[in-house]
Amino acid sequence: MGDILAEIYEKLNTCGRCGFCHGACKTYKKDGAEFFVARGRVQLIKALADGKIEDDHDYENVINSCLLCGECAIACPSGVKTHELVLAARRDYKLKKGIRPFLKSLILSSMTKPGRLKFVFNFFDGFGKNAMRRLDGMQFFRGIDMYTMPSSNNPFVAQVPEVVSVSAPKKRVAFFVGCFMNYAFVSSAHSVVKVLTKAGCEVTVPRDQPCCGLPQYVYGDFEAARAQAKKVIATFGKYDTVVTACGSCASMLKKEMVELFHDDPSYLPTVKAFAAKVFEFSELVSTLGIEDKLHSDSPQIVTYHDPCHLVRYLKVTDEPRKLLKSVPRLQYNEMFEANRCCGAAGLVMAFYQELSTKITADKAANIIGSGAETVATSCPACMLKINSGLKLKGSKVPVKHVADVLAEALRD
Amino acid sequence: MSQIVEQLKSVLGAENVVTKDMAKYLRGGEQPAAVVCPGTGEDVAAIVKAAAEAGVKVNVGGRVVETAGLAGGIAVVTQRMNQILEIDKDNLTCWVQPGMLHKDFCDSLLKEGLYFPPEPYAVGTSSVAGCFGVGDPDSKSFRYMPPRTYIIAYEMVLPTGETMKIGTKCIKCVSGLDLIHFISGTRATLGILTKILTKLLPAPVCKSAVVADLPNISAAAKAFLAIQKRRLFVVRENAITAKLGQNILSGAKGAVAFVDIEEFPKANVEYAKIVEAELKIAGATTTKIITDPKEYAATELGWLKAREAVNLNANKVRFTVGASNVVKGLDAAQGVVGPLNENEFTLIEAQLGKITVATANPDADAVKLNNAAMKLGGNVSGLLGSKLRCDEYSDTAMFDSITQLLHNIRKEFDPKGILAPGVKF
Amino acid sequence: MAVAQKTDQDTLVEALINIAGEQDVVTGRVAMYAYGYDATLLFGVPRAVVFPESTQEVVDIVNYCRATGVNIVPRGAGTNESGGTIPVDNCIIMNCCRMKKVLEVDLDNYVAIIEPGVVNYDIQEMLAKYGYYYPPDPASYKASTMGGNVGECSGGPKCFKYGVTRDYIYGMEFVTSDGKVRWVGGRDFCSEPFYDLTRIMCGSEGTLGYMTKFAIRIEPIPAAKRTMLAFYNEPVDAAQSVADIVAAGIVPTTLEMMDNLIINTAEDATGAGLPRDAGAMLIIEVDGPAYGDLDDQVKTITEVVKKAKPKQFKIATTAAEVDACWLARRVAIGSVAHRAPSYSMQDITVPRSKFPQAVAGIVQTSKDYDLDIGILAHAGDGNFHPLVLFDQRNKEQSERVHKAEAALVKMALDLGGTMSGEHGVGLLKKPLLPNEYEPVTMGAFRNIKRAFDPINRMNPTKIFDL
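Conventions and cut-offs
- Residues numbered from 1 in each chain as written.
- Chains lettered and ligands numbered in written order.
- Predicted model: local features only at pLDDT ≥ 70, side-chain atom pairs only at ≥ 80, totals over all residues.
- Helix = DSSP H or I, 4+ residues; strand = E, 2+ residues; numbered from the N terminus.
- Buried ≥ 20, exposed ≤ 12 C-beta atoms within 10 Å, placed from the backbone.
- Contact = placed C-beta atoms within 7 Å.
- Core = buried A, V, L, I, M, F, W, Y, C linked by C-beta atoms within 7 Å.
- Domains from an automatic or database assignment.
- Pairing = 2+ DSSP bridges.
- Axes fitted to C-alpha atoms, helices over the stretch in contact; angles between N-to-C directions.
- Nonpolar A, V, L, I, M, F, W, Y, C, P; charged D, E, K, R; others polar.
- pLDDT = per-residue confidence, 0-100.
- Left-handed = near helix turned anticlockwise from the far one by under 90°.
- Expected span 1.5 Å × (residues − 1).
- Arc of directions from axis to C-beta.

What to know about the overall build of chain A
Phase 1 of the analysis: Summing up its helical and strand segments, chain A has 23 helices and eleven strands in all.
Phase 2 of the analysis: Looking at the 412 residues of chain A, the share that counts as buried comes to 52%.
Phase 3 of the analysis: The contacts of chain A with a sequence gap of at least 6 include a subset with a gap of at least 24, amounting to 78%.

Written out as structure tokens, the structure is:
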């Protein structure tokens, strides 16, 4: 038995196998396979710990297909946090076997090296995307809409000055852009800056924008994640307020990063101090009082999707809704199961695309069912995935960041 | 043959073995060797054991026994086993002997503030065991569920003469296979009930009925549909053509609607008003809201008599079409049997979507009516309905496999085939 | 009976793939482990798991298994508390999770036609849009399939007024071990082919045949509902209220009771402010038409409850308050995990009037075997779920738990009750079944099994041995 599994064994043993998580687990809903549900994952991790099964490829699929959305933990009457146990199992697996397959390994390591990451996104934007466009039936590659997937040759940081100043700033904030926004959702990043400056903030966009480390963390590569965390703190530690508009980055910077260093007493205080000054976009903006600055001439119906990292990890749910509702003439319609995972879940959407695409289809149906003309959310990964899901269903409902909706309502 | 009669006389006493003037106990043309009146479960066990050894057929009834296939056999009349053994108010249960008249049973319980919802199949002769033996989902079953819901334990003499006990005073029980509720509707083919534990409800706080005379039965069906559309669900929602309807509302000319309401006081008043209004809209010439207990009892008895007349008439077809299709179902019936107002009777139990029509040619008309009912999502009731449905799909294999299963079950319980010889699959 | 020679694993898998398709056949050590358990502590290993998607596939699989002597164990979501889906020797698991179409919803005629893999909650969610519902809602309703619900004849908190799964199945299609398909019953109460075959299938735990379609009864949601919450000094006081409410002619939808131990574990889990010194908690819910009668009923219930001198009595007036009433009940089962890693949940049921004796009996059992036992009960039905807390890894303690289980069952039977109110027998309670039934009755069960499945291929060794 590995040390990590030994550490979590009591928690694994708490699972009473009641199966109440079946209703909550999106990966189970897809085709009803017991090994793709929280109970199955916990029992199989336990079986591995007990030496009853091998950590073969099937096992790897079991732990790596988890969305880490945390919905099962809420449904679980025994309070088992399967997403944390899966994380530990991935860590255990990483230590024993390294990270496979090749491509996942490539992506994870490329995220830590800005140059290569640029290559990955450019692949979609340049030859790759064009080549695929020419092939019939290849519009949707692994459930992602290739036509409309935004990607930029020119990352956001290259498009804005390092400091966007305003007269008599109320607050000085540093913008942690996040890889997805920096390379793909550039316009949303611009919206973030616009909203913050209109709200009277001086925004600093540091040239150096390291990866937050979440992708490495969730696949068990804690060493790489710790290295990223240190880089982030080295760059952003000097600012009083740090804001990010990516739900996943926010969760990493505020929550997981602290857990990552729980056994490093020398560095832990630094991390804690840093985490305390990080704010998710809507969290920060809702304290800035921008309501009276919002204008809108045309009515619109908007709904909101809760990214897993905001609703279940950071418990931020009211702020984005409150902000949206404060836009004049905006009718807010709550969708069915707004807080359920959209299927993006980091690399799950790339490696278990069939699974992920089915989950997104449910989300898209709920969005369409809400009657909304626009769906807003707070995480670029969700934006990408939901956009694809809606397109697959033939819907023209645009997906926007909450910042985009607000920015549109702020006149220049 | 006389040997077993003598044997039974020695067990039951000669006074309880009737061999002459048996007619009043019998229904049908064949002649059993004796009518016997057991007084206890042990008596029944002895009778069945003796019959099994002698290879003699046995059938059972509360007051009257069906004689088909019973020539030279034993007719068991349970009229002496007619007592309530125990009323348990705390658990809302009652142990009763099988031969107690169904109507008497209901009345005795009502006096104790308790309620046994199933309706007697034939109010004059039906026994409690008969209620479960026939298992007919009555016109209150939309609200209260069919009779099977109300049997929660019993003792039964199997065709081998052994006594089987099953069930408890608990309304929930899933230990073992559910032979408790399965027994309902088996018509004594698997055994003879000797002691029954029924589930009861607290007596309704308030009862009322609305009766009306409508121009025809379709008008009643339209009113009932309107009532359902208002999401108002009553206990009975019945209508019957005037000839038998006289029992409920004398002087009726078209079709008599009988709607039964058992809610708490406030809802009861509101419901009755709405029901009456809808019946008037549908063209009722006379309507009456009945709240006086005596008048209510008399009206209900009138309905039960009409029901008895329908149930005991062999020349009829019973089919279901779904609650929302009763009007269409009646149109279809009219196409098959002719004008319904001139018919011997036509009965609808609207919430259940059930229609019963009298016909001179039940066999031929059943085929036509089943065909019409299937177009409306329904079918003729019971085993006949299963057969006709399979015929309609040209799927005789399925019907054969269903009857084969019925035979298998019966044979496992009654390998010698001595019980209820009149019942054929 | 001669058992056919075991087929080679590869031949079996190949045959199943030919029938159901590669996507719908699962093998491999990891996956088979995942199908080895259910909500009990039992375990077994199947040879393969197959997910048929149509009745024809079921027939083909059954025919193949009959010919080759492979046993069939049906399974839905595997949330049962009886070991009913635990793999047996030389078996495949036939899983209904991918037969999950809702074929028809006929609101005006109060019927829906569904496949067995439909999850109870999914029907509720779909019907709610139209103001309808399907009344039986076992605690596992968000996870459990209708196939499983019918197989176990599931109950739930609403049984006292609305009955159990059996009462809501109009008809069904099933496949028996001879490979024949039968549709019995119809879209109403009147269509059973003589014997009420639908009823005997309900709660047969898959031992008679594999069910492939159901016609279920659906109903409009009652117009109004009132929820009340009472805390008492002693469970006996709660039992007194239950008896008095029923005696007052009121049939509540729900009468849920929890004892002091569960109140405390629930408080540990939620911090909702439950009184830790209360001996019992009772949730009371009534529903019906919206003409003010419910307020009268609430008044009556209030008086009745006051008679038993409760510590606290609340009438929920908002949705949030209703939710707060239910919070403790919802977390109850799991919250005991904070006290001990394993629990054994019993399902004993006694006549309602024996409620106080049953509580006393459970407390006595707890003392006799030195085990923590928490009590949850559907008080209206006399259905108890004593939760025996222990640690599976402690062999000696586990032995005591088994003895305590048997003692609880004996206590229930002595009080004129039954060992299972809604969970079923499966493998877990099979050894105790002859304590409840005389040999004649056990023989009658076997008669039924032989009539349906003479070759004993469908979920063999469950409930009883043929």
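Things to note about the nonpolar core
Proteins that are soluble and globular tend to have nonpolar side chains buried together.
Phase 1 of the analysis: One finds A:Leu44, B:Ile47, B:Ala220, B:Val256, B:Ala257, C:Ile216 and C:Leu282 to be the most contacted residues of the largest nonpolar core, which totals 429 residues.
Phase 2 of the analysis: Leaving out residues up to four positions away in the same chain, A:Leu44 has contacts with A:Phe35, A:Ile53, A:Tyr59, A:Val62, C:Val30, C:Tyr33 and C:Ala34.

So, the domain arrangement of chain C
How big an interface is tends to be reported as the loss of accessible area on association of its parts.
Phase 1 of the analysis: Partitioning chain C into structural domains gives domain 1 (9–98), domain 2 (102–220) and domain 3 (224–414).
Phase 2 of the analysis: Computed from C-alpha atoms alone, the centre-to-centre distance between domain 1 of chain C and domain 3 of chain C is 37 Å.

Quick word on the sheet that holds strand S17 (residues 373–378) of chain C
All names here are of chain C.
Phase 1 of the analysis: Read from one edge to the other, the open sheet built from seven strands follows the order S15-S12-S14-S13-S17-S18-S16, with strand pairing classed as antiparallel. What marks the edges here is a single partner per strand, and that holds for strand S15 (312–315) and strand S16 (342–345). Averaged over all pairs of adjacent strands, the angle between strand axes in this sheet comes to 15 degrees, irrespective of strand direction.
Phase 2 of the analysis: For strand S13 (residues 254–259) and strand S14 (residues 280–288), the ladder comprises six bridges, and the chain directions are antiparallel. Bridge assignment links Glu-256 to a residue of S14, and that residue is Ile-283.
Phase 3 of the analysis: Against the sheet, helix H8 (residues 235–247) engages strand S12 (224–232), S13 and S14, with an angle of about 15 degrees to S14.

Some details on the domain arrangement of chain A
Residues and elements named next belong to chain A.
Phase 1 of the analysis: According to the domain assignment, chain A consists of domain 1 (3–97) and domain 2 (291–408).
Phase 2 of the analysis: For domain 1 versus domain 2, the separation of C-alpha centres amounts to 28 Å.
Phase 3 of the analysis: Contact residues are listed per partner, giving eleven residues for domain 1 and 13 residues for domain 2.
Phase 4 of the analysis: Within the residue set of the side of domain 1 that touches domain 2, elements represented by two or more residues are helix H3 (26–31) and helix H6 (71–75).
Phase 5 of the analysis: Across the side of domain 1 that touches domain 2, the residue classes break down as four nonpolar, four polar and three charged.

A word on the sheet that holds strand S8 (residues 93–96) of chain B
Residue and element names in this part refer to chain B.
Phase 1 of the analysis: Spatial strand order, S7-S8-S12-S10-S11: five strands in an open sheet with antiparallel pairing. The sheet is open, and its two borders are formed by strand S7 (84–88) and strand S11 (163–167), each paired with just one other strand. Pairs of neighbouring strands in the sheet enclose a mean axial angle of 10 degrees, with direction left out of account.
Phase 2 of the analysis: Alignment of strand S10 (residues 151–157) against S11, held across five bridges, turns out to be antiparallel. In the sheet register, Tyr-154 faces S11, and the bridge partner there is Ile-166.

With respect to the interface of chain A and chain C
Phase 1 of the analysis: Chain A puts 28 residues into the contact, and the matching count from chain C is 30 residues.
Phase 2 of the analysis: Secondary-structure elements contributing two or more residues to the side of chain A that touches chain C are helix H2 (9–14), helix H4 (38–49) and helix H5 (57–64) of chain A.
Phase 3 of the analysis: In terms of residue count, H4(A) provides more of the side of chain A that touches chain C than any other element does, four residues in total.
Phase 4 of the analysis: Among the residues forming the side of chain A that touches chain C, the class breakdown is ten nonpolar, eleven polar and seven charged.

A look at the arrangement of the chains
Phase 1 of the analysis: Between all two pairs of chains that are in contact, chains B and C come out with the most contacts.
Phase 2 of the analysis: Across all C-alpha pairs, the smallest distance from chain A to chain B is 20 Å, and the two are not in contact.

Brief notes about the interface of chain C and chain B
Phase 1 of the analysis: Each partner contributes residues to the interface: chain C has 77 residues there, and chain B has 67 residues.
Phase 2 of the analysis: When residues of the side of chain C that touches chain B are traced back to their parent elements, those giving at least two are strand S9 (181–185), helix H7 (197–201), H8, helix H10 (293–307), helix H14 (433–436) and helix H15 (439–452) of chain C.
Phase 3 of the analysis: Element by element, the count of residues in the side of chain C that touches chain B is highest for H15(C), at nine residues.

Structural notes on unusual backbone geometry
Phase 1 of the analysis: Backbone geometry places A:Leu68, a non-glycine residue, at a positive phi of 55 degrees.
Phase 2 of the analysis: Within the element layout of this structure, A:Leu68 appears in the loop between H5 and H6.
Phase 3 of the analysis: The backbone of B:Arg231 shows a phi angle near 60 degrees, a positive value even though the residue is not glycine.
Phase 4 of the analysis: Looking at where B:Arg231 falls in the secondary structure, it is placed in the loop between helix H7 (217–229) and strand S15 (236–241).

Quick look at the confidence of the model for chain C
Phase 1 of the analysis: In the predicted model, chain C carries a mean pLDDT of 93, and the fraction of residues at 70 or more is 98%.
Phase 2 of the analysis: The ipTM for the predicted assembly is 0.95, set against a pTM of 0.90.

With respect to the pairing of strand S10 (residues 210–217) of chain C
All names here are of chain C.
Phase 1 of the analysis: With eight of its eight residues buried, S10 lies for the most part within the structure.
Phase 2 of the analysis: By the bridge criterion, six bridges tie strand S8 (residues 169–175) to S10 in an arrangement that is antiparallel. Following the sheet pairing, Glu-173 is matched in S10 by Lys-213.

A word on the packing of H8(C) against H10(C)
Residues and elements named next belong to chain C.
Phase 1 of the analysis: With their axes 9 Å apart at the nearest point, H8 and H10 run at an angle of 145 degrees to one another. In the crossing of H8 with H10, the sense of the turn from one axis to the other is right-handed. Contact residues: Ser-241, Asp-244 and Ile-245 in H8; Ile-301, Val-304, Val-305 and Lys-307 in H10.
Phase 2 of the analysis: Taken together, the residues of the contact of H8 with H10 break down into four nonpolar, one polar and two charged.

Structural notes on helix H3 (residues 55–68) of chain C
Residues and elements named next belong to chain C.
Phase 1 of the analysis: Compared with an ideal rise of 1.5 Å per residue, which puts 14 residues at 20 Å, H3 spans 20 Å between its outermost C-alpha atoms and is within 8% of the ideal.
Phase 2 of the analysis: When we look at burial in H3, the residues that qualify are Glu-57, Val-58, Ile-61, Val-62, Tyr-64 and Cys-65. Projected down its long axis, H3 carries its buried residues within an arc of 165 degrees, all on one side.
Phase 3 of the analysis: Looking at the packing, one finds that the buried side of H3 touches helix H1 (9–20), strand S2 (48–50), strand S3 (71–75), strand S4 (91–95), S8 and S10.
Phase 4 of the analysis: At the C-terminal side of H3, Gly-69 shows a positive phi close to 75 degrees.

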